[in-house]
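Chains, contacts and geometry: an overview
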Amino acid sequence: MYGISICSSCGRARVIDKSSKSSSCPYCGNTERTDKMVFIFECKDQESARKALGQAAGFEAPSPKDEKAKKKRIEKADPYSTMIYKYEHSTDLDEKMQILARGLTKIKGTFTVEDIEEIVGEKYAEKYVASMLERCYIYEVGYGRYKG
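This section reports on the structure supplied with the text.

Cut-offs and rules
Residues numbered from 1 in each chain as written. Predicted model: local features only at pLDDT ≥ 70, side-chain atom pairs only at ≥ 80, totals over all residues. Heavy atoms only, no water. Axes fitted to C-alpha atoms, helices over the stretch in contact; angles between N-to-C directions. Helix = DSSP H or I, 4+ residues; strand = E, 2+ residues; numbered from the N terminus. Parallel < 35°, antiparallel > 145°, perpendicular 65-115°, else oblique. Left-handed = near helix turned anticlockwise from the far one by under 90°. Contact = heavy atoms within 4.5 Å. Pairing = 2+ DSSP bridges. Phe/Tyr/Trp six-rings, centres within 6.5 Å; stacked < 30°, edge-to-face > 60°. Buried < 20%, exposed > 50% of the residue type's maximum accessible area, 1.4 Å probe, protein only.

Attention now moves to the packing of helix α3 (residues 79-88) against helix α5 (residues 113-120). At their nearest, the axes of α3 and α5 sit 11 Å apart, and the two run at 60° to each other. The angle between α3 and α5 falls in the class oblique. Crossing hand, α3 versus α5: right-handed. Where α3 approaches α5, its residues Y80, M83, I84 and Y87 are matched on the opposing element by E118, I119 and V120.

Shown next, in the form of structure tokens:
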């Protein structure tokens, strides 16, 4: 059995497996004994409990029409801004260099230090290019022009 209960500490609703002896709130970490909790909804399977919690919170699952619209929006996304987004959200320096090498090559064909400078800043552009050359992520096709 599963149920929905309100945390006595933070006041947020959550799904709880009623067969467990205790439950920790995923939001605040407060642990409570299951037999002492008050349930506002009970059902046999976890999926039903999740749906009920979503409905209670006002969440609506995206319709297939919404999914198609999202897919079209992604397909029409600007490749340059998509590359910048991936670059900014990467935590690994090697991955960042690979994203720049592939992305700039795909978008511009060949690129220069100035193109890298626009993204990483003037201070690091030449270091990025030197590191990408050293790791063979890019190669020089002409004086000052690179390709990944």
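Still more ground to cover, so stick around.
Here the focus is the sheet that holds strand β1 (residues 2-6). Pairing is antiparallel in the open sheet, where 3 strands are placed in the order β2-β1-β5. Pairing within the sheet leaves two strands with one partner each, and these edge strands are β2 (13-17) and β5 (39-43). Across the sheet, the mean angle from the axis of one strand to that of its neighbour is 25°, orientation sign disregarded. The pairing of β1 with β2 spans 5 bridges and is antiparallel. Note that in β2 the partner of S5 across the bridge is R14.

Moving on: the pairing of strand β6 (residues 139-142). With 3 bridges joining them, β6 and strand β7 (residues 145-147) adopt antiparallel strand pairing. Among the inter-strand pairings, E140 is bridged to a residue of β7, identified as Y146. Adjacent in sequence and paired antiparallel, β6 and β7 are bridged by 2 residues, among which G144 carries a positive phi angle near 75°.

Turning our eyes to something else, we now look at the packing of aromatic side chains. Tallying each qualifying case throughout the model produces 2 aromatic pairs. When the ring of Y87 is compared with that of Y128, the centres are 6.4 Å apart and the planes differ by 55°; the resulting orientation is tilted. Of this pair, Y87 sits in helix α3 while Y128 sits in helix α6 (residues 125-134), and the two are 41 residues apart along the sequence. Y87 sits in the buried class, given a relative accessible area of 8%. Using a relative accessible area of 11% as the deciding quantity, one classes Y128 as buried. Ring geometry for F111 against Y146: centres 6.3 Å apart, planes inclined by 40°, an arrangement best described as tilted.

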